[in-house]
Amino acid sequence: MLFVARKPIRKATTKAPDIRTVAALAKVSIATVSRTINGSPAVSDRLTKRVWQAIEQLNYFPNTHARSLVSGRSRILGIIVENITNPFFPELIQNFEEVAVAHGYEILVSSSNSDPAILTTCVRRMLERKVEGVAVMTFGEEEPVLDQLTHRDIPMVLAEFRLDDPKTSTILLDYTTGIRAAVNHLVGLGHRKIGFLAGPHKLHSAITRENDFRTAISEAGLQLEPAWIIECDHTLRGGVAGFEKVRALADQPTAIVCSNDMTAIGVLRAAFMGGLRVPQDLSVVGLDDIDFAEFTLPPLTTIRLSRADLARAAFDALRAQADTGPKVQREFLVSTSLVVRGSTGAPPAYSSPDAR
């Protein structure tokens, strides 16, 4: 194999611009540049615009560490998620970062992997970096570890978990609407035997989703079959294992609602490997509406939980706590809705309402 040597391209080196260069170009004082970068309201809109134009023209990068020393604020928000390998959470992080950066914040990301010891390390990292607030999107039992944050007066927002602390807000997720819509959709297709692959009961969200499913089944006038509710672990393999348990039942459901999309995608694979057609032989519904959901075969019918809405609620809660103190809104509601795709259809041998 012949390798071609390439000579490095030498560019004329120029001195990197500093705050003095910016001040000279903008025709303002160094103090005005500093105040502008730090978001001081003392600088007029006219001067602020001139300073930022100079910064952009010079391609100047303010020293964020120095800014934090001067202002006493890190401008960093932390976000702790449950499992970074679940596509739902990277999508949530991306949305959270977009809204944070748009408002002049940086973010620090940690994943707890549903392990209290790892969560302890995550919290320590947040404290060491002097974050101004933490969004804890782990959906589990975190209270003992999170005391480390509350004792240091750091604003927090938690998903589906309340702490009796004035600097802690809660995001409530309206699973009820989406799950009720999913059950009614299946009933409308003719299904009377509907199962549920639940998430791990150590998570608040999993228990809430299962309870909402039970309620929706009762409201639809259907008989709840305990054997058709199976606990899984919110992973692809969990969906496969849960489906195998369903297949081992003497009386099997014709439709399965899953506690999240990863479980549902595992069910789609297991059904295919088992020779079942979706939706002709089995209807499957997920929950989350991750980006992959519309690319499965068939595309997954799912309950949409907007990561953009969740990220915005988390950011708004933290920003309000950091800027205005504890006397702010402490509960935020994020809704859900049903997205119908190709993984749901009429049950086998169903033709019309008269044939039931």
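Not measured: the values here are computed from a predicted model.

(A) Seen up close, the overall build of the protein chain. When helices and strands are tallied, the protein chain shows 12 helices and 11 strands. Split into buried and exposed, the 356 residues of the protein chain put 48% on the buried side. Across the protein chain, the fraction of contacts at a sequence separation of at least 24, relative to all contacts at a separation of at least 6, is 69%.

(B) Region of the structure containing the confidence of the model for the protein chain. Across the protein chain, pLDDT averages 86, with 87% of residues at or above 70. The spread of mean pLDDT over the elements of the protein chain runs between helix α4 (residues 64–71), the lowest at 54, and strand β8 (residues 255–258), the highest at 98. Contacts for the low-pLDDT stretch residues 351–356, under 50 throughout, to residues beyond four places or in other chains number two contacts.

(C) Structural context of the nonpolar core. One finds Ile79, Phe96, Met137, Ile171, Ile194, Phe213 and Val284 to be the most contacted residues of the largest nonpolar core, which totals 68 residues. If we skip the residues at most four places from it in the chain, isoleucine 79 touches Leu92, Ile93, Phe96, Ile107, Leu108, Val109, Ser110, Met126, Ala135 and Met137. Of all hydrophobic cores here, the second largest spans 18 residues; its members include Ile76, Cys122, Val123 and Phe161.

(D) Local environment of the packing of helix α10 (residues 236–247) against helix α11 (residues 261–273). Between α10 and α11, the shortest axis-to-axis distance is 6 Å and the interhelical angle comes to 55°. With respect to α11, the axis of α10 lies oblique. Considering how the two elements wind past one another, α10 and α11 form a crossing that is right-handed. Residues Leu236, Gly239, Val240 and Phe243 of α10 form the contact with α11, whose participating residues are Met262, Thr263, Ile265, Gly266, Val267, Ala270 and Ala271. Looking at the contact of α10 with α11 residue by residue, the class counts come to eight nonpolar, three polar and no charged.

(E) The side chain of serine 205, seen in detail. You can see serine 205 is positioned in helix α9 (residues 204–219). Residue classification places serine 205 among the buried positions, given a relative accessible area of 2%. Excluding anything up to four places from it in sequence, serine 205 contacts Phe139, Glu160 and Tyr175.

(F) How the structure looks around the pattern of salt bridges. Under the defined criterion, the tally for this structure stands at eight salt bridges. The closest approach of N and O atoms between arginine 307 and glutamate 91, which form a salt bridge, is 2.6 Å. With arginine 307 in helix α12 (residues 307–324) and glutamate 91 in helix α5 (residues 88–102), this residue pair connects regions lying 216 residues apart in the sequence. Residues arginine 307 and glutamate 91 agree in their burial class; the two are buried. The closest approach of N and O atoms between aspartate 316 and arginine 312, which form a salt bridge, is 3.4 Å. Highlighted residues: aspartate 316 and arginine 312, both in helix α12, separated by four residues, approximately one helical turn. With a relative accessible area of 30%, aspartate 316 lands in the partly exposed category. Take arginine 312: its relative accessible area is 37%, and that puts it in the partly exposed class.

(G) Spatial organisation of the pairing of strand β3 (residues 133–137). Most of β3 is tucked away: five of the five residues are buried. On β3, burial covers both faces: Gly133, Ala135 and Met137 on one face and Val134 and Val136 on the other are all buried. Bridging between strand β1 (residues 76–81) and β3 involves five bridges; their strand directions are parallel. When the bridges of β3 are listed, valine 81 appears paired with methionine 137. Taken together, the three bridges between β3 and strand β4 (residues 156–159) define a ladder with parallel strand orientation. Following the sheet pairing, valine 136 is matched in β4 by leucine 158.

Cut-off values and rules
Residues numbered from 1 in each chain as written. Predicted model: local features only at pLDDT ≥ 70, side-chain atom pairs only at ≥ 80, totals over all residues. Heavy atoms only, no water. Helix = DSSP H or I, 4+ residues; strand = E, 2+ residues; numbered from the N terminus. Buried < 20%, exposed > 50% of the residue type's maximum accessible area, 1.4 Å probe, protein only. Contact = heavy atoms within 4.5 Å. pLDDT = per-residue confidence, 0-100. Core = buried A, V, L, I, M, F, W, Y, C linked by side-chain atoms within 4.5 Å. Axes fitted to C-alpha atoms, helices over the stretch in contact; angles between N-to-C directions. Parallel < 35°, antiparallel > 145°, perpendicular 65-115°, else oblique. Left-handed = near helix turned anticlockwise from the far one by under 90°. Nonpolar A, V, L, I, M, F, W, Y, C, P; charged D, E, K, R; others polar. Salt bridge = Lys/Arg side-chain N within 4 Å of Asp/Glu carboxyl O. Pairing = 2+ DSSP bridges.

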